[in-house]
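# Understanding the architecture of this molecule
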Amino acid sequence: MTPAARIQAAIDLLSEIEATPRPADALVSQFFRNRRYIGAKDRQGVAGLVYSVLRHRGRLGWWLDRCNVMPTPRALLLAEAVLVQGRRADSVSGLFNGAKFGPEPLNDSERRLLKAVDTHTIDHPKQPEALALEVPEWAEAPLRAAFGDRFHAEMAAMLGEAPLDLRANPLKAAREQVQAALAEAGVTAAPTGLSPLGLRVQGRAPVSALPAFREGLFEIQDEGSQLVALLADPRPGMQVVDFCAGAGGKTLAIAAMMDNKGRVVASDVLEGRLTRAKERFRRAGLHNIETRALSSERDPWVKRHKGKFDRVVVDAPCSGTGTWRRNPDSRWRPLGPGLAELLPLQAAILDSAARLVRPGGRLVYATCSLLPEENERQVEAFLANHPAFRLLPVAEAWPENLGAAPVTGDTLRLTPARHDTDGFFAAVMVREEAAEATEAATSDAAGTEPPPAADV
Ligand SMILES: C[S@@+](CC[C@H](N)C(=O)[O-])C[C@H]1O[C@@H](n2cnc3c(N)ncnc32)[C@H](O)[C@@H]1O
């Protein structure tokens with residue numbers, strides 16, 4: 001592809017991302033699947049342009065606004081070329097010449113834009129702090145409240161790219177074996193600091209094309225997500241529910257730790273996600289998992305299985321603020337259901353899923369959010385309404401690993417700035433053996449119609 005053709009492909013891809021609410025990573029994969037003639041290097045070049053626009057979208061928008069130019073994909077890419085890549089306006093305009101496969105020539109306002117941004121860089125002292133950190137307006141106040149004087153450092157750490165983490169599948173290979181298989185394929189990876197199963201890859205190797213991946217020796221999973229699954233402390237022979245299993249990221253880790261012994265139920269309100277998860281379970285060699293599509297969090301299946309499970313993991317739908325490094329597009333997309341709907345939904349899911357926990361069993365509540373409203377506040381409200389449960393400090397829940405890790409407080413709070421993982425929150429709660437009767441009396445009381453399921 002010529003450089004101009006790459007720009008045109010980036011314009012097409014950005015237009016698709018703007019036109020649909022689906023996450024950018026899914027659309028990027030689909031875009032290239034439908035254009036198999038685009039080679040690996042060009043794919044990387046086109047995706048690099050698109051992700052650079054998404055990663056700088058707030059500040060690029062600020063510049064376009066200042067120049068009175070509409071934020072079209074063409075204008076965003078023009079501004080990106082100058083303000084982020086540091087190219088001169090002349091060399092950029094030369095690529096917009098209407099040649100075959102390249103973009104149409106510039107219009108007047110685009111020419112004006114190039115002239116205005118020439119020799120500038122993306123940051124400008126007049127940009128408000130939150131915008132300079134690519135923090136959308138709706139999230140600024142809660143994130144400032146969450147981090148106080150660490151707001152700048154935490155948000156700055158979210159501007160970079162997320163590392164590529166893998167989780168060894170203990171059913172098929174130890175972490176060292178996976179590391180050796182990767183090295184043989186020319187991929188360098190080092191053990192992660194917190195997760196005993198994790199490997200962090202150096203650079204951006206296409207690991208899913210490797211035989212070791214196809215044979216299920218490892219999964220692609222952020223270290224923070226691995227820790228959430230490990231916190232449930234699933235053991236062989238246990239009965240476990242992954243209540244918001246989605247495409248099965250945490251289910252895979254949980255089931256593998258159980259050595260294929262016992263039972264894991266992967267449930268979700270979106271059946272399509274569970275169907276996709278099944279292929280991953282098969283590749284990983286797991287046959288102790290069953291999937292269960294729920295009509296809502298109060299599906300009758302839950303009541304029928306009250307008190308039957310040793311572990312219940314609730315990886316709740318959330319704002320996703322902890323994954324901004326990985327999904328930069330999600331900062332600027334409308335929040336889907338919005339916090340006003342997410343907060344009661346999270347509480348309702350936790351409330352209902354808690355019924356499944358047997359006396360002495362564990363309930364793990366997790367989100368990939370950085371907002372206390374979705375995290376600590378939800379757990380506090382749950383504990384206040386469910387005296388049968390008590391918080392188990394994470395260092396006690398999993399002393400052999402987290403005891404030595406830089407994790408403070410009773411709950412797990414991971415951030416890119418502090419732990420170089422995605423932002424995650426997890427709390428472990430235990431249903432007291434003696435409190436069964438009290439809890440049983442209160443848990444089935446509220447039978448109100450649930451809010452619609454959110455695809456988050
Ligand atoms: C954060 S995602 C789960 C990610 C998944 N656990 C993983 O590790 O790959 C949250 C999931 O909650 C599901 N969900 C949304 N509303 C729900 C509800 N009312 N009951 C159960 N699951 C729900 C969504 O469909 C979504 O798959």
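All of these numbers come straight from a predicted model, not from anything done at the bench.

Scanning the chain for helices and strands turns up 22 helices and twelve strands. Scaling as 2.2 N^0.38, a compact globule of 456 residues should have a C-alpha radius of gyration of about 23 Å, and the chain matches this with 24 Å. When each of the 456 residues of the chain is scored for burial, the buried share is 45%. Put simply, 74% of the contacts in the chain that link residues at least 6 apart link residues at least 24 apart.

Right, let's get into the domain arrangement of the chain. Each domain of the chain was delimited in the assignment, giving domain 1 (3–127) and domain 2 (223–443). In this structure, domain 1 and domain 2 have C-alpha centres spaced 39 Å apart. Between domain 1 and domain 2, the residue contacts involve ten residues of the former and six residues of the latter. Only α2 (24–33), α3 (40–55) and α4 (57–66) provide two or more residues apiece to the side of domain 1 that touches domain 2. With three residues, the single largest contributor to the side of domain 1 that touches domain 2 is α3. Tallied by class, residues from the side of domain 1 that touches domain 2 come to six nonpolar, one polar and three charged.

Another aspect to go through is the UniProt feature "active site" (unreviewed entry) in the chain. Under the feature "active site" (unreviewed entry), the UniProt entry names Cys368. Overall, the presence of 27 C-beta atoms within 10 Å leaves Cys368 in the buried class. In contact with Cys368, other than residues within four places in its own chain, are Cys318, Gly320, Gly322, Thr323, Asp422, Gly423 and Phe424.

When you line up the elements, Gly249 lands in helix α14 (residues 249–257). In this structure, the C-alpha to C-alpha distance between Gly249 and Ala229, residues 20 residues apart in sequence, is 8.9 Å. With near-sequence residues (within four places) excluded, Gly249 lies in contact with Gln221 and Ser225.

Taken over all residues, the pLDDT of the chain has a mean of 91, while the share at 70 or more is 93%. Scored as a complex, the prediction yields pTM 0.90 and ipTM 0.99.

Ordered by their spatial adjacency, four strands build an open sheet running β2-β3-β1-β4, and the pairing between neighbours is antiparallel. Every interior strand has two partners, whereas the edge strands, β2 (189–191) and β4 (218–220), have only one. Sheet twist, expressed as the average angle between the axes of neighbouring strands with direction ignored, equals 30 degrees. Judged from the three bridges that link them, β2 and strand β3 (residues 198–201) form a sheet pairing that is antiparallel. Each residue of the ladder has a partner; that of Ala189, found in β3, is Val201.

Now for α3. The terminal C-alpha atoms of α3, which comprises 16 residues, lie 22 Å apart, in line with the 22 Å expected from a rise of 1.5 Å per residue. Turning to α3, its buried residues are Val46, Ala47, Leu49, Val50, Ser52, Val53, Leu54 and Arg55. Lining the buried residues of α3 we find α1 (3–19), α2, α4 and α5 (73–83).

Moving on, we come to the packing of α5 against helix α7 (residues 108–117). In the contact formed by α5 and α7, the axes pass within 10 Å of each other and the chain directions differ by 20 degrees. Taken together, the axis directions place α5 and α7 in an arrangement best described as roughly parallel. Relative to α7, the crossing made by α5 is right-handed. Packed against α5, whose contacting residues are Arg74, Ala75, Leu78, Ala79, Val82 and Leu83, the element α7 presents Glu110, Leu113, Leu114 and Val117 at the interface. A breakdown of the residues in the contact of α5 with α7 according to their chemical character gives eight nonpolar, no polar and two charged.

Residue position: Asp25 is located in helix α2. By C-beta crowding, Asp25 is classed as partly exposed, having 15 other C-beta atoms within 10 Å. Sequence separation between Asp25 and Ala173 is 148 residues, and the spatial gap between their C-alpha atoms is 28 Å.

What follows deals with the UniProt feature "binding site: S-adenosyl-L-methionine" (unreviewed entry) in the chain. This chain's UniProt record puts "binding site: S-adenosyl-L-methionine" (unreviewed entry) on Asp268 and Asp315. For the annotated residues, spread through 48 residues, the largest C-alpha to C-alpha distance comes to 10.3 Å, consistent with a single compact locus. Secondary-structure assignment places Asp268 in strand β6 (residues 263–268). With residues near it in sequence (within four places) discarded, Asp268 still touches Cys244, Ala245, Gly246, Arg273, Leu274, Ala293 and Leu294. Mapping Asp315 onto the fold places it in strand β8 (residues 309–315). The residues contacting Asp315, other than those within four sequence positions of it, are Val228, Cys244, Lys250 and Ala366.

Note that Ala354 resides in the loop between α17 (339–353) and β9 (357–367). For Ala354, a count of 25 C-beta atoms within 10 Å gives the class buried. Distance from Ala354 to Phe382, taken between C-alpha atoms, is 9.6 Å for residues 28 residues apart in sequence.

What follows deals with the packing of α1 against α5. The interhelical angle for the contact between α1 and α5, taken along N-to-C directions, is 125 degrees, at an axis separation of 9 Å. For the element pair α1 / α5, the angle class is oblique. The hand of the α1/α5 crossing is right-handed. Mapping the contact onto sequence places Ile7, Ala10, Ile11, Leu14, Ser15 and Glu18 in α1 and Pro73, Arg74, Leu76 and Leu77 in α5. Taken together, the residues of the contact of α1 with α5 sort by class into seven nonpolar, one polar and two charged.

Note: strand β5 (residues 239–242) against β6, four bridges, orientation parallel. For Gln239, the partnering residue across the bridge sits in β6 and is Arg263. Regarding topology, α14 serves as the crossover connection from β5 to the parallel β6, and that connection is right-handed. By the bridge criterion, three bridges tie β5 to β8 in an arrangement that is parallel. Across the sheet, the residue bridging to Val241 is Val312, located in β8.

Conventions we followed
Residues numbered from 1 in each chain as written. Predicted model: local features only at pLDDT ≥ 70, side-chain atom pairs only at ≥ 80, totals over all residues. Helix = DSSP H or I, 4+ residues; strand = E, 2+ residues; numbered from the N terminus. Rg over C-alpha atoms; globule rule 2.2 N^0.38 Å. Buried ≥ 20, exposed ≤ 12 C-beta atoms within 10 Å, placed from the backbone. Contact = placed C-beta atoms within 7 Å. Domains from an automatic or database assignment. Nonpolar A, V, L, I, M, F, W, Y, C, P; charged D, E, K, R; others polar. UniProt positions renumbered as here; feature names shortened; annotations may be inferred. pLDDT = per-residue confidence, 0-100. Pairing = 2+ DSSP bridges. Axes fitted to C-alpha atoms, helices over the stretch in contact; angles between N-to-C directions. Expected span 1.5 Å × (residues − 1). Parallel < 35°, antiparallel > 145°, perpendicular 65-115°, else oblique. Left-handed = near helix turned anticlockwise from the far one by under 90°. Right-handed = clockwise from strand over helix to strand, strands pointing away.

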